[in-house]
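Okay, here's what each chain looks like letter by letter:
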Amino acid sequence: MKEKLKPTLGTLQLWGIAVGLVISGEYFGWSYGWGAAGTLGFLVTTVFVAAMYSCFIFSFTELTTAIPQAGGPFAYSRRAFGDTGGLIAGIATLIEFVFAPPAIAMAIGAYLNVQFPEVNPKLIAVCAYLIFMGLNIIGVSIAATFELLVTLLAVIELLVFMGVVAPGFSLANFVAHGWAGQEAFSLTSVSGMFAAIPFAIWFFLAIEGVAMAAEEAKNPRRTIPRAYISGILTLVVLAIGVMVFAGGAGDWRTLSGINDPLPQAMKMLVGNDSRWMHMLVWIGLFGLIASFHGIIMGYSRQFFALAREGYLPPSLAKLSRFNTPYRAILAGGVVGILAIFSDGISFQGMSLTAAMITMSVFGAIVMYIMSMLSLFKLRRTDPTLARSYRAPGYPVIPGIALCGAVICLIAMLWFNPQIGALFVGFMVAGYLYFLTTQSRRGAIAQTSVAAETD
């Protein structure tokens, strides 16, 4: 018998997961895009990416509700394109969700280092892993309730940030040097906008992780569409608002290469000793914690689903007495902690944080492409599949999402050849391991058929 996850999550908890998975992207990471494109160029890039994500989520929801499994994109692509299609989507999703947490953990360390300069940020990052892996192991209902709480606090804090800096907002500050460091638009600006794509994607990266909680959702055909649609609308408003208000607080160029842009932006207006400043650092941690905690939940379900179907060692599909995939949680944690202690390694002149963000985005974009291709394929080959929610504007809306994702992938490969080559290396390694699992996958498939027959 295969291990099964129990449905315990409602709409509000799923919204908390959807927004919480992503909301750290509003606190850090995106400002690296200013370094490539400038404020105005990055605004254009962000609007493009927001449109792509909106179309993607409205389309992806059809797959999530029709096939509510912990594997998410892996399950959809496998049904559409067989084992190899499932492998491509599954490994890409795993890369996305395994490389995002160490980047977030390092940002948690940077935020707390503002208050405690004597404490090593790496030590804080490792402690964050230990605490939130433990919380995820205790149980999904407790974990999801905690996720909802910290997400609500993080959203409130972003609104407070915008309210505090609004009186000092200057449009002149925001537009100064706004086209890739220049005052006027040029071809260099276009190049910068394409180079900044990974950091615009970081604003929304991992919202699709709700799909990996679908097996644990109550009535997923109703609760998931509500969570997804309200979640993407929440995130678009917050992303544009945070970016514009931070850019108008002062010289945005001082914020373009750091892990704590919001506290530093607020410091420009209220000073280092302001109570608002200290509140942002402390409550702002909830945004990072929400994403960190939620993505741990996401990568563990992807490890679990791949192992359950024989793509990874079966031991990773074992459940604890709390009905959580504890070995999968620990496996991703080991990778993340190793990445944290690799700080100092540079790719293409990027900091390790920026490089991990870019690697995570490569995984996401490949997964988005596979998901949209799966949507088109299943509409044609599996018309009887129960679809309680259907993508609006089909095939135009899914087509926009697919074309946008392909454009993003091409741009990322062009501007990030070293990280792109490393990503391809991970995919090839996954495929080579996949070739050794044929007999195990066949045995699992036979067991599943026998169980369904009984």
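Within each chain, residues carry numbers counting from 1 in the order of the written sequence. Selection of residues for local features in this predicted model requires a pLDDT of at least 70, selection of side-chain atom pairs for listing and counting requires 80 or more, and totals for whole chains, interfaces and linings are taken over all residues. Each side-chain value is worked out from all heavy atoms of the structure, with water and hydrogens disregarded.

If you check an unreviewed UniProt entry, the protein chain appears there as Ethanolamine permease from Candidatus Pantoea deserta. As its UniProt record puts it under Subcellular location (unreviewed entry), the protein chain is described as follows: "Cell membrane". UniProt positions are given in the numbering used here, feature names are shortened, and annotations may be inferred rather than shown by experiment.

Participant: What is the right way to read the pattern of salt bridges from this model?
Facilitator: Note that side chains of opposite charge can pair when their charged atoms are close. We count a salt bridge whenever a side-chain nitrogen from Lys or Arg sits within 4 Å of a carboxyl oxygen from Asp or Glu. Tallied over the entire structure, the rule returns eight salt bridges. Of the charged contacts, one joins glutamate 62 and arginine 387 as a salt bridge, the two residues approaching to 3.0 Å between their closest N and O atoms. Separated by 325 residues along the polypeptide, glutamate 62 in helix 3 (residues 32-66) and arginine 387 in the loop between helix 14 (352-381) and helix 15 (396-415) bring together distant segments of the chain. One salt bridge connects arginine 78 with glutamate 309, and the closest N-O pair in it is separated by 2.9 Å. Pair noted here: arginine 78 is in helix 4 (residues 73-115) and glutamate 309 is in the loop between helix 12 (275-308) and helix 13 (326-340), with a separation of 231 residues, a long-range link. Burial classification: accessible surface area is computed with a 1.4 Å probe over protein chains only, and a residue below 20% of its type maximum counts as buried, one above 50% as exposed, and the rest as partly exposed. With a relative accessible area of 22%, arginine 78 lands in the partly exposed category. Counted as one network, the salt bridges with shared partners bring together Arg78, Asp83, Glu309 and Arg441. Every helix listed is a DSSP run of H or I at least four residues long, and every strand listed is a run of E at least two residues long, numbered separately from the N terminus.

Participant: Got a minute to help me understand unusual backbone geometry in this structure?
Facilitator: Trans peptide bonds make up the majority, and among non-glycine residues the majority have a negative phi. Between tyrosine 394 and proline 395 the backbone carries a cis peptide bond, its omega angle lying at 5°. Mapped onto the fold, proline 395 is located in the loop between helix 14 and helix 15. One non-glycine residue with positive phi stands out, namely histidine 177, at about 55°. Counting through the fold element by element, histidine 177 comes out in the loop between helix 7 (171-175) and helix 8 (187-195). Take histidine 177: its relative accessible area is 23%, and that puts it in the partly exposed class.

Participant: Honestly, the packing of helix 4 against helix 16 (residues 417-435) in this entry has me stumped. Any pointers?
Facilitator: Two numbers describe a pair of packed helices, the interaxial angle and the distance between the axes. Direction vectors running N to C along helix 4 and helix 16 enclose 130°, while the axes themselves pass 10 Å from each other. As the angle between them shows, helix 4 and helix 16 are arranged oblique. Regarding helix 4 and helix 16, the two cross each other, and that crossing is right-handed. Contact residues: Asp83, Thr84, Leu87, Ile88, Ile91, Ala92, Ile95 and Phe99 in helix 4; Phe423, Phe426, Met427, Gly430, Tyr431 and Phe434 in helix 16. Angles run from 0 to 180 degrees between N-to-C directions of axes, and those axes are lines fitted to C-alpha atoms, restricted for helices to the stretch in contact. Roughly parallel means an angle under 35 degrees; roughly antiparallel means over 145; roughly perpendicular covers 65 to 115; every other angle is labelled oblique. Note: crossing handedness is left-handed where the near helix turns anticlockwise from the far helix by less than a right angle, and right-handed where it turns clockwise. Note on definitions: a residue-residue contact is assigned when non-hydrogen atoms from the two residues lie within 4.5 Å.

Participant: Please explain the packing of aromatic side chains as it appears in this structure.
Facilitator: Aromatic rings considered in pairs are described by the distance between their centres and by the relative angle of their planes. Between 30 and 60 degrees the pair is tilted, below 30 it is stacked and above 60 it is edge-to-face, where a pair is any two Phe, Tyr or Trp rings, Trp via its six-membered ring, whose centres lie within 6.5 Å. Here the structure, examined in full by the defined rule, presents 25 aromatic pairs. Note on phenylalanine 99 and phenylalanine 426: the rings are 5.6 Å apart at their centroids and 40° apart in plane angle, and the pair reads as tilted. Here the residue phenylalanine 99 occupies a position in helix 4, and phenylalanine 426 occupies one in helix 16, the gap between them amounting to 327 residues. Look at phenylalanine 99 and you get buried, because its relative accessible area is 17%. Overall, the relative accessible area of 35% leaves phenylalanine 426 in the partly exposed class. Taken together, a centroid distance of 5.2 Å and an interplanar angle of 85° make the contact between tryptophan 179 and phenylalanine 185 edge-to-face. Put simply, the rings of Trp30, Trp34, Phe42, Tyr53, Phe56, Phe60, Tyr76, Phe203, Phe204, Tyr228, Trp252 and Tyr368 touch in pairs and so form one group of aromatic residues. The cationic tip of arginine 379 hangs over the ring face of tyrosine 394; the distance from NZ or CZ to the ring centre is 3.9 Å. The rule for a charge over a ring is simple: NZ of Lys or CZ of Arg within 6 Å of the ring centre, and within 35 degrees of the ring normal.

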